[in-house]
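Next come the chains, spelled out residue by residue.
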Amino acid sequence: MLPCLTGKVICGNYSRLKNVKTVTVFCSVKHHISPVSYTLTDMAANGDSCDKTQRRTGMKEKQNGNSTDSSIRERRQRDKEERLSLVLWRRPFITLHYFLLETLIKLREWTIKLWQRRGIVCLVFVLCSLFSAAYSIEGSHQKYVKYLEKRFLWCAYWVGLGILSSVGLGTGLHTFLLYLGPHIASVTLAAYECNSTDFPEPPYPDQIVCPQLVGSEGSISLFSIMSKVRLEACMWGAGTAIGELPPYFMARAARQSGTDPEDEEYEEFEEMLEQAENAQDFVTRAKMGVQHMVQKVGFFGILACASIPNPLFDLAGITCGHFLVPFWTFFGATLIGKAIIKMHIQKLFVIISFSKHIVEQMVSLIGSIPKVGSSLQKPFSHYLEAQRNKLHHGEGRKSSDENWLSWLFEKLVLVMVCYFVISIVNSMAQSYAKRLQQQKHLVEKTK
């Protein structure tokens, strides 16, 4: 090794000094400065040894980095498998215990957030107090208060069902199949039976009864039925748009803070971005297609993804948050796509499917099934007949077939709601388990 020059100094300066024949370096030896001259041959020999040392060091760092990354991935996979095993039907007591602890943590976080926004909370409290006073004081304004109350509760009901449908990254309650779809279908059947959509209020929307003055045959059109259920459908669509906001805010906060997010979907999204070039399977390519459309097209790409039934739209929200798409660009396109375009497509499909002639054809088609057709056709025919009688005569008499179908649908709704509640309990318990794992790894790093 050349005296008075460290390997780092020589390696850093050799490439710039390779055209110089002689280099003079001033060295400090026992507080005396003395010049030392080196030839280019000496520098070259030392530079080659430095290059070899740097290559060996770089290879070791790369190997250490790869081994560290693989160990981190293995550790994350083990932690994920351990969390996924935390479900009610496997470990009920620990799951319930973790669920209660996570609930307390969430309540504490929400309380802190509300306290930070206490101005908005006070404004909402004042508005609620004014409405409560107007509601309790007698006067001519009561009819307007009653109207606003009914409309508000009706809209809040459908918005809430929409939020339940889309919140939770694909694990929400299928409220369209359970509530909105049957509601549109019942209005469609009643409109064709009554030849009118002027159902008296009350009992509509709680119960549909044909008006005393019915319209002429064929006076009902698709547009009149769509207008009748437009408010419910649009409020439900707006709720689904609101339910898409948590993935967006999660990814946006993770990107701005630069910290590892706590959501598994975001981790999968980052892995997908890293492995996009080598992806061959259809699902990954479909996800990448959604990601590229949202990233490159912007507002209209989000609008296109939100306007069609798209199970991968959660990825669009994560993509918009990851690439810091403005909030109103994302939410505006999502709201227009889900509450207006997509909602009218779904509504039109249900109305056409349950129009009078389509239903009659479906019942006759069921009767044409060999051997079991007549037995299957009978309960549906009786159910439709009972519904017609109820529309004309109020409650009427319930047949055994109607009770059987109603009982089956109620049990289906109950099973889906129970599954939704169980999935919430499991998810919150797994979230608390992840908190414990992160604390454990943090303690290990500090040691």
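Along each chain, residue indices are assigned from 1 in the same order as the chain's sequence is written. Under the rules for a predicted model, residues below a pLDDT of 70 receive no local features and side-chain atom pairs below 80 are neither given nor counted, while totals for whole chains, interfaces and linings still include all residues. Side-chain descriptors were evaluated using all non-hydrogen atoms of the structure, hydrogens and water having been removed beforehand.

**Some thoughts on the overall build of the chain**
Here is step 1 of the chain: Along the chain, the regular secondary structure elements total 17 helices and two strands.
Here is step 2 of the chain: Relative accessibility decides the category of a residue: with a 1.4 Å probe and only protein chains considered, values under 20% of the type maximum give buried, values over 50% give exposed, and everything between is partly exposed. Here the chain, with 447 residues, has 33% of them falling under the buried criterion.
Here is step 3 of the chain: Whether two residues are in contact is decided by their heavy atoms: any pair within 4.5 Å suffices. Restricting to contacts in the chain with at least 6 residues of sequence separation, those with at least 24 account for 66%.
Here is step 4 of the chain: A total accessible area of about 28,500 Å² is found for the chain, and carbon and sulfur atoms account for 63% of it. Strands here mean DSSP runs of E at least two residues long; helices mean DSSP runs of H or I at least four residues long; both are numbered from the N terminus. In these tables, accessible area is a Shrake-Rupley quantity obtained with a 1.4 Å probe, and a residue counts as shielded only by the protein chains included in the view.

**Digging into a nonpolar patch on the surface**
Here is step 1 of the chain: A contiguous nonpolar surface patch, about 530 Å² in accessible area, is contributed by L123, F125, V126, L127 and L130.
Here is step 2 of the chain: Relative to the helices and strands, V126 resides in helix α4 (residues 118-136). Each patch is built from salt-bridge-free residues with over 30% relative accessible area, joining like charges within 9 Å and nonpolar side chains (Val, Leu, Ile, Met, Phe, Trp, Tyr) within 5 Å. Criterion for a salt bridge: a side-chain nitrogen of Lys or Arg within 4 Å of a carboxyl oxygen of Asp or Glu.

**Overview of the nonpolar core**
Here is step 1 of the chain: Here, nonpolar core means buried Ala, Val, Leu, Ile, Met, Phe, Trp, Tyr and Cys residues that are tied together by side-chain atoms lying within 4.5 Å of each other. Judged by nonpolar contacts, the single largest core of 26 residues is most densely connected at L180, V187, F199, I208, I225 and W236.
Here is step 2 of the chain: For this core, the secondary structure elements donating two or more residues are α5 (142-166), α6 (175-194), α7 (222-228), α8 (230-243) and α14 (327-353).
Here is step 3 of the chain: In terms of residue count, the dominant contributor to this core is α6 (nine residues).
Here is step 4 of the chain: Apart from residues no more than four positions distant in its own chain, F199 is found in contact with V187, A190, A191, C194, Y204, I208, V209, P211 and K228.
Here is step 5 of the chain: By size, the runner-up hydrophobic cluster in this structure holds 16 residues, among which are L245, L303, F313 and A333.

**Re the state of the cysteines**
Here is step 1 of the chain: The criterion for a disulfide is a pair of cysteine sulfur atoms lying within 2.5 Å. In total, this model carries one disulfide according to the counting rule given.
Here is step 2 of the chain: A disulfide bridge connects C194 with C210, and the sulfur atoms are separated by 1.6 Å. Residues C194 and C210 are joined by a disulfide whose S-S torsion is about -65 degrees; by sign, that bridge is left-handed. Taken as a pair, C194 in helix α6 and C210 in the loop between α6 and α7 lie far apart in primary sequence, 16 residues in all.
Here is step 3 of the chain: Residue classification places C194 among the buried positions, given a relative accessible area of 1%.

**A few points about unusual backbone geometry**
Here is step 1 of the chain: For N195, which is not glycine, the phi torsion reads 55 degrees and is therefore positive.
Here is step 2 of the chain: On the basis of relative accessibility, which here comes to 13%, the residue N195 falls in the buried class.
Here is step 3 of the chain: Non-glycine residue L324 carries a positive phi angle of around 55 degrees.
Here is step 4 of the chain: With respect to the helices and strands, the residue L324 is situated in the loop between α13 (313-322) and α14.

**Overview of the confidence of the model for the chain**
Here is step 1 of the chain: The quantity known as pLDDT measures the predictor's confidence residue by residue, on a range of 0 to 100. In the predicted model, the chain carries a mean pLDDT of 75, and the fraction of residues at 70 or more is 71%.
Here is step 2 of the chain: Ranking the helices and strands of the chain by mean pLDDT puts α8 first, with 92, and helix α1 (residues 7-17) last, with 42.
Here is step 3 of the chain: The low-confidence segment residues 1-34, where pLDDT is below 50, has 51 contacts with residues more than four positions distant or belonging to other chains.
Here is step 4 of the chain: Counted against residues more than four places away or in other chains, residues 36-41, with its pLDDT under 50, gives 20 contacts.

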